[in-house]
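What follows is the residue order along each chain.
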Amino acid sequence: MHKNLLIALLLLICTAVYSQNNEIRRLQKPKPVSKSDTATTPKILKEWTLSTDFSEEVPLEVDTAFSLFQRYRKADRYSPLNAMLGNYGLPFYQISFFDRVTDPDKFLYSYYYPLMYVPDRAVFMNTQVPFTDLFWTFGGQRQNSEQTFRIWHTQNVNRYLNFGLIYDIIYSLGQYNYQRADDKDFTFFSSYIGERYKLYFSAGINNINSNENGGILDFGQLSQQSNMRDVPVRLGGTSTALSTLKNRSLLLVQRYSFGNVETREKDSTGTKKKGFLGLSGTFSHIFTLESNKRTYSDKDPHSGFYDTSYVSSAQTFDSLSSRIIRNTLRFDFTTDPERKFRLGGGAGIRTEAFRYGQTALVNDSTRLEIPARQRLSHSITGKLYNSIGSKFKWSATGDLYFFGYRAGDLQLNGLITKSFDLKKGRADWNIMAGMSSRSPSYWYQNWMSNNFIWSNNLNKEFRLNAGTSFIYPSRKMSLKFNYTIIDNYTDFDTAAYPAQHNGGISVAALSAGKEMKLWKFHLASDVIIQQSSNRDIIDLPLVALRSAGYFEHLFRFKSTGGELNTQLGAEVMYNTPYHAYAYMPATGRFYRQDTETTGSYPFINAFVNLKIKRTRIFLMMDHLNAGMMGYGFNMVPSYPMNMRMFRYGLSWTFYD
């Protein structure tokens, strides 16, 4: 049914966009241009996101790359290696320690964050013609299939105003019982880029539904059952446990600049209007709103999975909710960007309003509800940066909470960048340092549900970070080193309750990425080496890698003038043994365990990628070696990864 709906939607959208493009061409009646002009005119001007303080644009590359197209999961673009519950769309965490989501305000959705559209992940585009990308994948048999679908459309109304939308669907039934994932994420975005006034707007709707099976009972069953649905699971049957997450968000940024501005003439050339002493300034108003609600239901709390039922022994229905409103007013200044020595900075004040609520179902007509708790915080934010020429720059940012709920919280970050013009292009050497002192999430300190209740008074978590990186895009090479010292590290202990380690822990990580090429043979690898000073609290695999080797060839057809680009290869993912986090369905959190190690198992995929004009196709045999090298293919204890599965996908991009 879902497959038919997706195909129908695909045809409908294509027809609508095609008709719209024809109508736009008819109404605009463009003047004839020469072939040389057409060949050099850019179709997509740029794509960008905003910096963490929403004060400047950060360029992005438009997602139309062909190389390694079979890596279709959004999670893999955020971090190359992730520990999953076996089914895409369910909670996961990053194996790389420095990629993990630690923001206390993202607590309820930290294990879904790379899939979602929230204010700090807003994207914007500026195009000369409507841009549309349709992306669809399918894997497995119908009764346990995985489907993903994404439509991304954006266009400019005029040279200043753009709007667009992205709609993502992950619908995965899973190979094991009660493992279905149903994720629907949507964002609408718009930007107005005037000569003095700029506006960025983004709205996100994220609905995530996850069936909870608690993991399988016996890994020995994997070799004895031909149908994975026959493997017994810990939750299921009369329980039918389910987690839901609903997230709503808004972002509105308005900026007004004075002083040096660039005026755009009809011939697209720019002229400068000089400001006072070569300075220019920008007043900004930044508004964000996020609303989150997580529910967990279980029709049989006494199935044996949980030890206690605090609220109801008949059924579980827990609900947590949070709302965060932020208002920021700031002023930024900069000297003339054309000068060799450029100085800039900014400062602002931010108000944050928090609201937290908790309820639990006692019976069909009665709910136990804790009165909503309101919190208010005020902070100052600042920024200072300097560039000398085009090859050296530094920046420093900071936030200090001086009143309210988070009084005393502090975050400072610094970055120095030195650029080098090498034979194959520009390379950047970065040196980073930072310090933070933050209050743990409200949910670490207050929790009321049918299976877990706690009330804590935790100290602020202190982190001291340092690192360096060397990025050489033209050579497809990156090398990074990160180091952190953490005091009062906060996570969940082996009983799945919040815990704070009263002492220092250090973590060091070296990561490298490189694509090597010999004739038509390619080897693209990401390697992470990391170590913790206290493995009882933070255990990490010493080595984790993801490597793909493939043969690439471009077929040219003289009779038609067409081209077909192909990639044929295999990919492996591997990590050394460590005590991976276990998963607790009732809280939706990963927690420490010290009884089982995972790792030492290679996941191997074989793939073929094809590209014809603006159409990209992949064919992949996922987990090719399933059952050939044992059955220890779990990345999270009790949650085996899927067995061998054939997948295919299609991306169709058009912008003319």
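Remember, predicted model here, so these are calculated numbers, not experimental data.

Details of the overall build of the chain
Along its length, the chain carries 4 helices and 35 strands. Put simply, 65% of the contacts in the chain that link residues at least 6 apart link residues at least 24 apart.

Re the pairing of strand 35 (residues 645-654)
Across 8 bridges, strand 6 (residues 131-139) lies against strand 35 in antiparallel orientation. Note that in strand 35 the partner of Trp136 across the bridge is Leu650. The pairing of strand 32 (residues 615-622) with strand 35 spans 8 bridges and is antiparallel. By the bridge assignment, Asp622 is partnered in strand 35 with Met645.

A short note on the environment of His579
Inspection of the secondary structure puts His579 in the loop between strand 28 (562-575) and strand 29 (582-584). Judged by its relative accessible area of 28%, His579 is partly exposed. Residues His579 and Met635, 56 residues apart in the sequence, show an inter-C-alpha distance of 9.9 Å. Dropping the residues within four chain positions of it, His579 is found in contact with Asp539, Gln593, Asp594, Thr595, Glu596 and Thr597.

Quick word on the pattern of salt bridges
In this structure the tally under the stated criterion is 31 salt bridges. Between Arg350 and Glu352 there is a salt bridge whose closest N-O contact spans 3.1 Å. Looking at Arg350, the relative accessible area reads 14%, which means it is buried. Of the charged contacts in the structure, one is a salt bridge between Glu461 and Arg463, with a shortest N-O distance of 2.9 Å. You'll find Glu461 and Arg463 in the same group, each marked buried. Salt bridges sharing partners connect three or more residues here, namely Asp105, Arg326, Arg350, Glu352, Asp399 and Arg406.

A word on the environment of Leu422
Looking at the element boundaries, Leu422 is found in strand 19 (residues 410-422). What makes Leu422 partly exposed here is its relative accessible area of 38%. Along the primary structure Leu422 and Ser474 are separated by 52 residues, whereas in three dimensions their C-alpha atoms are 9.6 Å apart. Filtering out sequence-adjacent residues up to four positions away, Leu422 remains in contact with Ala427, Phe470 and Tyr472.

Observations concerning a positive patch on the surface
On the surface, Lys246, Arg248, Lys293 and Arg367 cluster together into a patch of positive charge. Following the sequence through the fold, Arg367 ends up in strand 17 (residues 366-388).

A look at unusual backbone geometry
Of note in the backbone geometry, Leu68 takes a positive phi value of approximately 55° without being a glycine. Not every positive phi belongs to a glycine, and Lys613 is a case in point at roughly 55°. Its location among the elements puts Lys613 in the loop between strand 31 (603-612) and strand 32. Judged by its relative accessible area of 73%, Lys613 falls in the exposed class.

Observations concerning the nonpolar core
Core analysis: the biggest nonpolar cluster contains 63 residues, and Tyr93, Tyr489, Ile538, Phe590, Phe633 and Val636 have the highest contact counts within it. In contact with Tyr489, other than residues within four places in its own chain, are Phe97, Glu461, Arg463, Ala499, Gln500, His501, Ile505, Ile537, Ile538 and Tyr581. Membership of the second largest hydrophobic core comes to 23 residues, among which are Tyr356, Tyr444, Ala582 and Met584.

Focus: the side chain of Asp332
Secondary-structure assignment places Asp332 in strand 15 (residues 316-334). A relative accessible area of 9% places Asp332 in the buried class. One polar contact links Asp332 to Arg330, side chain to side chain, over a distance of 2.9 Å. If we ignore the near neighbours within four places in the chain, the residues touching Asp332 are Ser55, Ser280, Gly281, Thr282, Ser284, Gly345 and Gly346.

Observations regarding the pairing of strand 31
Across 9 bridges, the pairing between strand 28 and strand 31 is antiparallel. The residue bridging Thr566 from the neighbouring strand is Leu610, located in strand 31. Sheet analysis places strand 31 next to strand 32, joined by 7 bridges and oriented antiparallel. Considered in strand 32, the bridge of Ala606 is made with Met621. Linking strand 31 to strand 32, which pair antiparallel, is a turn of 2 residues; within it Lys613 sits at a positive phi near 55°.

What to know about the packing of aromatic side chains
Aromatic ring pairs are reported here in terms of the distance separating the ring centres and the angle at which the planes meet. Going through the model one piece at a time under the given rule, you end up with 54 aromatic pairs. Centroid distance Tyr583 to Phe590: 5.2 Å. Interplanar angle 55°. Geometry classified as tilted. Site record: aromatic cluster; members linked through ring pairs are Phe107, Phe354, Tyr356, Tyr405, Tyr442, Trp443, Tyr444, Trp447, Phe452, Trp454, Phe492 and Tyr497. The ring centre of Tyr113 lies 5.2 Å from the NZ or CZ of Arg121, which sits over that ring. One Lys or Arg, Lys418, reaches over the ring of Phe420 and ends 5.8 Å from the middle of that ring.

Considering the environment of Tyr171
With respect to the helices and strands, Tyr171 occurs in strand 8 (residues 161-172). It is 6.2 Å that separates the C-alpha atoms of Tyr171 and Thr148, two residues lying 23 residues apart in sequence.

Some words on the side chain of Gln70
Tracing the sequence through the fold places Gln70 in the loop between strand 2 (57-60) and helix 3 (74-78). When near neighbours in sequence (up to four residues on either side) are disregarded, Gln70 contacts Glu571, Phe607, Asn609, Phe618 and Met620.

Observations regarding the confidence of the model for the chain
For the chain, the average pLDDT comes to 90, and 90% of its residues sit at 70 or higher. The model gives residues 1-41 a pLDDT under 50, and that stretch makes 28 contacts with residues more than four places away or in other chains. Contacts from residues 263-270, a stretch scored under 50 in pLDDT, to residues over four places away or in other chains number 14 contacts.

Procedures and definitions
- Residues numbered from 1 in each chain as written.
- Predicted model: local features only at pLDDT ≥ 70, side-chain atom pairs only at ≥ 80, totals over all residues.
- Heavy atoms only, no water.
- Helix = DSSP H or I, 4+ residues; strand = E, 2+ residues; numbered from the N terminus.
- Contact = heavy atoms within 4.5 Å.
- Pairing = 2+ DSSP bridges.
- Buried < 20%, exposed > 50% of the residue type's maximum accessible area, 1.4 Å probe, protein only.
- Salt bridge = Lys/Arg side-chain N within 4 Å of Asp/Glu carboxyl O.
- Patch = residues over 30% accessible without salt bridge, like charges linked within 9 Å, V, L, I, M, F, W, Y side chains within 5 Å.
- Areas by Shrake-Rupley, 256 points an atom, 1.4 Å probe, with all protein chains shown as cover.
- Lys, Arg positive; Asp, Glu negative; His and termini not counted.
- Charge placed at Lys NZ, Arg CZ, Asp CG, Glu CD.
- Core = buried A, V, L, I, M, F, W, Y, C linked by side-chain atoms within 4.5 Å.
- Polar contact = N/O pair within 3.5 Å; in protein donor to acceptor, adjacent residues only side chain to side chain.
- Phe/Tyr/Trp six-rings, centres within 6.5 Å; stacked < 30°, edge-to-face > 60°.
- Lys NZ or Arg CZ within 6 Å of the ring centre and 35° of its normal.
- pLDDT = per-residue confidence, 0-100.

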